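Observations on the three-dimensional arrangement
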Amino acid sequence: MTDNLFKEVMAIKESLGNSVVIPAHHYEMDEIVKMADFLGDSYKLAVDCAATDAEYIVFCGVMFMAEGAALLSKPYQKVLIPDRTAGCPMAEMIDAVQAEKCYQKLSSLSDQEIIPVVYMNSYADMKAFCGAKKGTVCTSSNAAKIVKHFLDQRKSILFTPDYNLGINTANALGLSKDEVVTVRKDLSLEGGNPKIAKMFLWDGFCHVHKVFTVEDINRFRHNYSERGLNHKDINVIVHPECNEDVVNAADYSGSTSMIWKTVKAGKAGSVWSVGTELRFVDRMAGEFKDKTVEPLRKSICHNMSKITLEKLGNSLKLVAEHLKNGNKVPLNEITVKEEYREDARKALQLMIDIVEGK
C-alpha cells in the first residue's frame with residue numbers, strides 16, 4: 001500500500017459522506033480495515049448492515065457476506081463488493097438441490113422433524129432452503145444457541161456445510177456419539193443412529209482452519225514451558241472451524257469476535273497462540289502489546305486477499321459516478337434472485353430473533 005493510494009481512496013470515501021458505508025471482516029488486509037466504518041465477524045456484520053441507512057454498502061469480505069447484506073438491505077440500498085470472484089470454497093460444498101435430497105432421506109430415517117440450520121458461510125439458495133423448511137442461519141458465535149433452540153423443541157438438526165463447527169457445537173451441548181451422524185457428499189451416513197440422532201452434519205470444511213493440528217499446540221506449549229513460563233500463562237485459543245481434536249486440546253475456542261475479546265482480556269505478560277486467519281492474529285499482536293500473541297500456524301484466506309485497496313477505490317469511484325449520473329452508470333450491484341430472497345431473508349431474520357431474544 002502506498003500512502004498516496006490510501007489518501008486518494010480515503011478522499012473519495014469522505015466526499016461520499018453518509019451515502020456510503022464500508023463494512024469489513026476481521027480477515028481483511030490492514031489497509032481495508034483502516035478504511036472500514038465497522039469491523040466484525042459474520043454475525044456482527046450482518047446485524048450492522050441491517051441497521052445502516054446508507055444508500056450504498058461496499059462490502060469488504062467474501063461473496064456470501066455481500067449476499068447476506070443484500071438480503072437484509074432496505075429497498076433503496078445497493079450492495080457492492082470490490083471483487084466478485086472473492087468466494088468461499090466451504091460455501092460451495094453444498095447447494096439447495098443436494099440439501100433437498102439429503103433432507104428427504106434423513107426425514108425418512110429420523111423419528112424427529114428435521115430442521116435445517118446453515119452456517120452463514122453459505123450462498124442464498126441454501127439460506128432460502130432453510131427458510132422454506134422453518135430453519136435458520138447460524139454463525140460461529142451463536143451456533144450453540146441456535147442448535148439448542150431447536151433441540152429444546154425436540155427437533156433434529158441438519159447442519160451444513162461445516163462439519164467441524166457442527167461437531168464442536170454438538171460436543172459443547174453434550175450430545176453423545178449415537179446422537180450425531182455424518183452425512184457424506186454422496187449422502188451415505190457414518191456413525192451415530194439416524195433414528196434417534198439429534199444432529200446430522202454435512203461433511204464440509206474450511207481450508208483456512210483445517211490446517212491446524214494438535215502437534216502445533218503441543219509445540220507451542222513446549223516452547224514456552226522450556227523458557228520457564230508458568231503454564232497458566234500459556235494459552236491456546238482456536239476457531240471452532242478447526243478439527244475436533246484441535247478444539248479439544250485448546251484452552252479456548254470461539255468466534256472471531258470471541259477470540260478478540262478473550263485475548264484482549266488476557267493477563268499482561270501471558271502468551272497466546274491463536275488458531276485462525278493470519279492477518280487477524282497479526283493485528284491482535286500489534287494491538288495487544290502487553291502480551292505475546294502469535295499464530296498457531298500461518299494460514300491465510302486468499303479470497304479475502306482479493307479485496308485490495310485499489311479495487312475498493314474503484315468501487316467507491318463507481319458509487320460517485322452513480323450518484324452523479326444515476327442509472328446511466330452500471331453499478332455492478334450484488335443482487336439475490338427473487339426466488340431465494342423471501343425465504344433466505346426469513347432464515348436470516350430468525351437467526352437474529354433467536355439470538356437477540358425477540
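Refer to the preceding data block for the structure.
Described below are features of the structure shown in this document.

The rules we used
Residues numbered from 1 in each chain as written. Predicted model: local features only at pLDDT ≥ 70, side-chain atom pairs only at ≥ 80, totals over all residues. Heavy atoms only, no water. Helix = DSSP H or I, 4+ residues; strand = E, 2+ residues; numbered from the N terminus. Expected span 1.5 Å × (residues − 1). Buried < 20%, exposed > 50% of the residue type's maximum accessible area, 1.4 Å probe, protein only. Contact = heavy atoms within 4.5 Å. Pairing = 2+ DSSP bridges. Axes fitted to C-alpha atoms, helices over the stretch in contact; angles between N-to-C directions. Arc of directions from axis to C-beta. Core = buried A, V, L, I, M, F, W, Y, C linked by side-chain atoms within 4.5 Å. Salt bridge = Lys/Arg side-chain N within 4 Å of Asp/Glu carboxyl O.

Since the α-helix packs 3.6 residues into each turn, any two residues three or four apart lie on the same face. Taking 1.5 Å per residue, 17 residues should reach 24 Å; helix H14 (residues 309–325) reaches 24 Å between its end C-alpha atoms and fits that length. Of all the residues in H14, the buried ones are Leu309, Leu312, Gly313, Ser315, Leu316, Val319 and His322. Along its buried surface, H14 packs onto helix H1 (3–16), strand S1 (20–21), helix H2 (30–35), strand S4 (56–58) and strand S5 (78–80).

In this structure, Pro161 follows Thr160 across a cis peptide bond, with omega equal to -10°. Structurally, the position occupied by Pro161 is in the loop between strand S8 (156–160) and helix H8 (163–172). Although it is not a glycine, Lys134 adopts a positive phi angle of roughly 70°. Counting through the fold element by element, Lys134 comes out in the loop between helix H6 (124–132) and strand S7 (136–138). A residue is classified by how much of its surface remains accessible, and Lys134, at 54% relative accessible area, is exposed. One non-glycine residue, Arg154, adopts positive backbone phi at about 60°. With respect to the helices, strands and loops of the structure, Arg154 is situated in the loop between helix H7 (143–151) and S8.

Another point: the sheet that holds strand S10 (residues 189–190). Spatially, S7-S6-S8-S11-S9-S10 is the arrangement adopted by the six strands of the open sheet, whose pairing is mixed. Single-partner strands in this sheet number two, and they are S7 and S10. Contacts from H6 reach strand S6 (114–119), S7 and S8 within the one sheet, and its direction differs from that of S6 by about 155°.

Our next topic: the sheet that holds strand S14 (residues 271–275). Spatially, four strands are ordered S13-S12-S14-S15 in an open sheet, and the strand pairing comes out parallel. Each of the sheet's edge strands pairs with one partner strand only, and the pair in question is strand S13 (252–253) and strand S15 (292–295). Relative to S14, strand S12 (residues 234–238) is paired through five bridges, and the arrangement is parallel. Residue pairing across strands places Ile234 opposite Val271, the latter belonging to S14.

Below, the discussion takes up the pairing of strand S9 (residues 180–183). The alternating pattern of S9 places Val180 and Thr182 and Val181 and Val183 on opposite faces, both of which are buried. Judged from the four bridges that link them, S9 and strand S11 (residues 199–202) form a sheet pairing that is parallel. Each residue of the ladder has a partner; that of Val181, found in S11, is Phe200. As defined by bridge partners, S9 adjoins S10 across two bridges and the pair is classed as antiparallel. If you follow Val183 over to S10, its bridge partner there is Leu189.

Here the focus is the environment of Asn142. When you line up the elements, Asn142 lands in the loop between S7 and H7. Sequence-distant contacts of Asn142, defined by excluding residues within four places in its chain, comprise Tyr43, Met351 and Val355.

In this model, H1 (14 residues) spans 20 Å end to end at C-alpha, consistent with the 20 Å of a helix rising 1.5 Å per residue. By the burial criterion, the buried members of H1 are Phe6, Val9, Met10, Ile12, Lys13 and Leu16. Considered in projection along H1, the buried side chains sweep an arc of 155° and stay on one side of the axis. Structural note: H1 exposes Asp3, Asn4, Lys7, Glu14 and Ser15 on the side pointing more than 90 degrees away from its buried face. Along its buried surface, H1 packs onto S1, H2 and H14.

Turning to the nonpolar core, a few remarks are in order. One broad rule of soluble globular proteins: the nonpolar side chains tend to lie buried together. Ranked by size, the top nonpolar core spans 110 residues in total, and within it Ile157, Phe159, Met284, Leu312, Leu316 and Met351 carry the most contacts. Ignoring anything within four residues of it in the chain, the contact list for Ile157 reads Ile115, Val117, Val147, Phe150, Leu151, Lys198, Met199 and Phe200. Grouped together as the second largest cluster of nonpolar side chains are 14 residues, Phe220, Tyr224, Cys242 and Leu296 included.

Here we take up the pattern of salt bridges. For the structure shown, the criterion picks out 24 salt bridges. In this structure, Lys74 and Asp53 form a salt bridge, with 3.7 Å as the shortest nitrogen-oxygen distance. Residue Lys74 is found in the loop between helix H4 (63–72) and S5, and its partner Asp53 is found in the loop between helix H3 (42–51) and S4; the two are separated by 21 residues along the sequence. According to the relative accessible area criterion, Lys74 is partly exposed, its value standing at 23%. Measuring nitrogen to oxygen at the nearest pair gives 3.8 Å for the salt bridge that ties Glu55 to Lys78. Here Lys78 lies in strand S5 and Glu55 lies in the loop between H3 and S4, a separation of 23 residues in the sequence. Of the residues examined, Lys78 reaches a relative accessible area of 18% and is grouped as buried. Via salt bridges that share partners, Glu113, Lys134 and Lys155 belong to a single interconnected network.

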